[in-house]
Amino acid sequence: RVYHTPQGRNIFRLRDHMIRFLNSAKVLQMKMPYSLDELCEACREVVREADPKGDYLRPLAFYGVHPEFKIGLNPSKLGTNVSIMCTYMGVYMGKDQVEQGANIITSSWEKPTSRSTSLTAKICGNYVNSIIAKKEALRQGADEALMLNHNGLVAEASAENIFMVRNGKLFTPSISDGLLEGVTRDSVMVIARDLGYTVEE
């Protein structure tokens, strides 16, 4: 996310997001043609050139065209392209949900296991599972879908990490429960501990 601050627009934990971007590419063995510093500067440049209302940054790496124009599952001869977009998103779920709380369902779709995909990588293919869970929630009149893992334990929502306050402590599922290691999740945990709260995974 891009936030408006007294010092100008600021990209939330840009370097940490770009490190995860590069690490996700490594999981796919996708050769990245840009360094961490180059990617960070490219993101800043996109934000500077974007509409002033732009508050959401989306970098995307994807394979290019096969030199012989073949289509298949072997990307070894393909180059890597990087696109960085900035758009206006506004409040993610809506003003009413922020102020009054969101309605959620427990999705009938479960999170995949780390034996079927890399859950630590932020890759497009992993979003298919989230999209069908989100659409299920919307069909049932809910705002969001809570997703369980293969053991029936809470993992995360379709696009958010989950926290619960109980007896003055903050609880969140462990990364080993099959969820994305969110940058915002880490921020919440650090801030909560700095404020004196006990945080348990």
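Structure report, in brief. The numbers attached to residues start from 1 for each chain and follow its sequence in the written order. Residues qualify for local features only when their pLDDT is at least 70, as the model is predicted, and side-chain atom pairs are given and counted only at 80 or more; totals for whole chains, interfaces and linings, by contrast, use all residues. Neither water nor hydrogens contribute to the side-chain values; these are computed over all heavy atoms in the structure.

1. What to know about helix α5 (residues 183-194)
Runs of H or I in DSSP of at least four residues are treated as helices and runs of E of at least two as strands, each being numbered from the N terminus. Take the number of residues in a helix, subtract one, and multiply by 1.5 Å to get its expected span. Over its twelve residues, α5 extends 17 Å from the first C-alpha to the last, a length consistent with the 16 Å expected when each residue adds 1.5 Å. Type-normalised accessible area, obtained with a 1.4 Å probe on protein chains alone, sets the label of each residue: buried when under 20%, exposed when over 50%, and partly exposed for intermediate values. When α5 is considered as a whole, its buried residues turn out to be Val 183, Arg 185, Ser 187, Met 189 and Ala 192. Directly beyond the C-terminal end of α5, a positive phi value near 95° is found at Gly 196.

2. Notes on the packing of aromatic side chains
Two aromatic rings, drawn from Phe, Tyr or Trp (for Trp, its six-membered ring), form a pair once their centres lie within 6.5 Å of each other, and the interplanar angle then sorts them: stacked below 30 degrees, edge-to-face above 60, tilted otherwise. Summed over all chains, the structure comprises one aromatic pair. Here Tyr 3 and Phe 12 contribute two aromatic rings whose centre-to-centre distance is 6.3 Å and whose plane-to-plane angle is 85°, an arrangement assigned as edge-to-face.

3. Notes on a nonpolar patch on the surface
Like-charged residues are merged into a patch within 9 Å and nonpolar side chains (Val, Leu, Ile, Met, Phe, Trp, Tyr) within 5 Å, provided each residue has over 30% relative accessible area and no salt bridge. Residue exposure ignores everything except the shown protein chains as possible cover, and the areas themselves are Shrake-Rupley values with a 1.4 Å probe. Just to be clear on terms, a salt bridge is a Lys or Arg side-chain nitrogen sitting within 4 Å of an Asp or Glu carboxyl oxygen. A surface patch of nonpolar side chains, about 350 Å² in accessible area, is lined by Ile 191, Leu 195 and Tyr 197. Here Leu 195 lies in the loop between α5 and β10 (199-200).

4. Some remarks on the side chain of Arg 185
As for its placement among the helices and strands, Arg 185 is situated in helix α5. The exposure class assigned to Arg 185 is buried, which follows from its relative accessible area of 5%. Here the side chain of Arg 185 touches Pro 173 through a polar contact of 2.9 Å, landing on its backbone oxygen. A contact between two residues is defined here by any heavy atoms of the two lying within 4.5 Å. Leaving out residues up to four positions away in the same chain, Arg 185 has contacts with Asn 161, Phe 163, Thr 172, Pro 173, Ser 174, Ile 175, Leu 179, Leu 180 and Glu 201. Here a polar contact means two N or O atoms within 3.5 Å. Within protein one must be a hydrogen donor candidate and the other an acceptor candidate, and residues neighboring in sequence count only if both atoms are side-chain atoms.

5. Let's talk about helix α4 (residues 127-139)
Over its 13 residues, α4 runs 18 Å from end to end, which matches the ideal 18 Å to within 8%, given 1.5 Å per residue. For α4, the complete set of buried residues consists of Asn 129, Ser 130, Ala 133, Glu 136 and Ala 137. Looking down the long axis of α4, one finds its buried residues gathered within 125° of arc, a one-sided arrangement. Among the exposed residues of α4, those pointing more than 90 degrees away from its buried face are Val 128 and Arg 139. The inward-facing, buried residues of α4 abut β5 (104-106) and β6 (144-148). Along the arc lie the directions from the helix axis toward the C-beta atoms.

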